[in-house]
Structure formats: C-alpha cells, structure tokens
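Each chain is listed here by its residues.
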Amino acid sequence: MEYFTQPVSNITKLLVGVKRYIINTKTKYQRLIIADLYEYGKSLILDDLIQITEVDEVYYHELLVHPLLITHPNPKKILIVGGGDGCALREVIKHPIEKVILVDIDGELVEICKEHFKDINKNSFNDKRVEVLIMDGKEYVEKTNEVFDCIILDLTDPFGPEISKELYSSIFYNKVKKILKEDGIIVTQAGSAFYYKEVYKNVYNNIAHNFRIVREYSVWIPSFGYSCCFIIGSNIYDPSSLTISTIRERLRKRRIKSSFYNEYVHKSLFLTPVLK
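This is a predicted model, so every value here is computed, not measured.

About the cut-offs
Residues numbered from 1 in each chain as written. Predicted model: local features only at pLDDT ≥ 70, side-chain atom pairs only at ≥ 80, totals over all residues. Heavy atoms only, no water. Buried < 20%, exposed > 50% of the residue type's maximum accessible area, 1.4 Å probe, protein only. Helix = DSSP H or I, 4+ residues; strand = E, 2+ residues; numbered from the N terminus. Pairing = 2+ DSSP bridges. Patch = residues over 30% accessible without salt bridge, like charges linked within 9 Å, V, L, I, M, F, W, Y side chains within 5 Å. Areas by Shrake-Rupley, 256 points an atom, 1.4 Å probe, with all protein chains shown as cover. Salt bridge = Lys/Arg side-chain N within 4 Å of Asp/Glu carboxyl O.

J.: Give a detailed account of the pairing of strand β5 (residues 49-53), specifying residues and quantitative values.
T.: Counted residue by residue, β5 has five buried out of five residues, so it is predominantly covered. Strand direction decides the pairing type here: strand β4 (residues 41-46) and β5, joined by four bridges, are antiparallel. Across the sheet, L44 pairs through a bridge with I52, a residue of β5. Linking two consecutive strands that pair antiparallel, namely β4 and β5, is a turn of two residues; a positive phi of about 50° is found at D47 within it.

As structure tokens, this is what we get:
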C-alpha cells in the first residue's frame, strides 16, 4: 500500500493510506493534490498538508463558522479570507445573510474545488449571495471600502506555507478590525497549540492586542492528527457568555441544519481547555 505522510509537527508524522491520486499539480502559489485516501475519502492536500477530507471536514468547518455567526445576533455581511475549497462558504450560506465575499489568492484552487468537491461544498459558489474575488486577502483588506459584521480567516496553518503567514500578524488583525463594524467579530483557525506552542501563543497575543474579548477553542480533526484550534476576537460579543436557550433559539430561527455543531457543543467548546 502507498502512504501519504501528513506532518503533525516537526517530528511527529501521520501515515495515511492512498487509494489513488486524482490530481497532482502545482498552481501559481502552491502544490495541490487531490487524493482518495483510505478511511478519509476524497481529500485536498496543499503543500503536503491535508486541508479537507470528505469524512471529517464537517467538524472543522462547522466549528469555524457557526460559533462565530451564532454569537452575532444579526450577521448580514460576511467576509471569508481563504476558504477556496468552498466548505466554509457552504456553512455561512446556511444563515440568513445578505452577502458573503470570499477572497482567495489562488484562482486555480477555487476552480479545481468547484469541479472536484461540489458534492462536499454543495455548489456553495453558485449561491446568489456569494461574490468570489481572486486576489491577495491582505491586499483586499487594505484596499476595500466594504464593512462587515463577521470575518472568517480560513487559512493554511500559521506554521505552514509562507502564503498565509502574514495573515496571522498583529498588523493584519489591526487592518481587519478597521473593516469590521463596531460590533463585528472575527475568527481564525490557528493550527495546533499542542505541537506549535510559541506560534499559537503569538497568534493569540496578536488578536488580543486588537480585540477586547478573545476566546479560544479546539476540535480533534482525525486527518490532521491533532486538535485544531480556533480563536475568536470581538469588542462587544462574547461567544462563551451565550446561554443554551439563546443558542438553541438562534439555530431554530435561522433554520440551521448541522451534523456536529449544536447548542451543547457550543457551550462545551468554551468550557474545555485548549491543549497546549
């Protein structure tokens, strides 16, 4: 059997059996592989790091998106930076939003995912509320005149490819804050606090330097081989303060159908320490 080696840390590796490679190419920005993996199904791998697999991406994307959007009482305008696979977009458009802009630097990635992951992203790019911009997320944040209720940073890991590292800096978060409404909220995925303590601490501190309320949480992603961390930043709304009844009512009113996320999961996320 052929194996793909998924880096978990600089030392620890995860061996994953490969049924077949569907695409193995290089875009302008990164190495892109689509493979059918034993136990995980169709998977997207960028620069040798698994990004999504069909069996466990839902845990990542539901917990990236819903704790943020449920915390905001009335999210209407959303920005996603990254997320070219369309799965975060799939979760965002479950909410009664008015508009979502997705900005990804890699147009080839977006087009490949539209074709090869449409069963997973549910053709989310085709929703009439969606606008896709192929450009550098940093440049977009610096130049846009748009203002958002919620911003989702669905990036490759802060310890991963150079393509995303600038998007975890305090300077970038300050620029993000300027295109948020006063009661706006951001979320970023932040990789592994357990294996990359200093990198994670740096990301957390950079967000804390720009937002009054900072909350961290994590979820185990089997194909990553670690608990993936997320950090929310806000000056008004605190995701950990929502009651079970408030979360349940917002989910009901918005008619959110999810596989993993619910009011009890939301509460548990902010009661469970992040492993460091």
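Still to come is the rest of the account.
J.: Give me the lowdown on a nonpolar patch on the surface, citing residues and values where you can.
T.: A surface patch of nonpolar side chains, amounting to about 470 Å² of accessible area, comprises M1, Y3, L15 and Y38. Its location among the elements puts L15 in strand β2 (residues 13-26). Judged by its relative accessible area of 55%, L15 is exposed.

J.: So what's going on with the pattern of salt bridges? Residues and values would help.
T.: Within the structure shown, the criterion is met by 17 salt bridges. For the salt bridge of R90 with E57, the shortest nitrogen-to-oxygen distance reads 2.8 Å. Placement of the pair is R90 in helix α2 (residues 87-92) and E57 in helix α1 (residues 57-71), with a sequence separation of 33 residues. Given the relative accessible area of 8%, R90 is considered buried.

It is worth stressing that arrangement in space is one thing and function is another; only the former is reported here.
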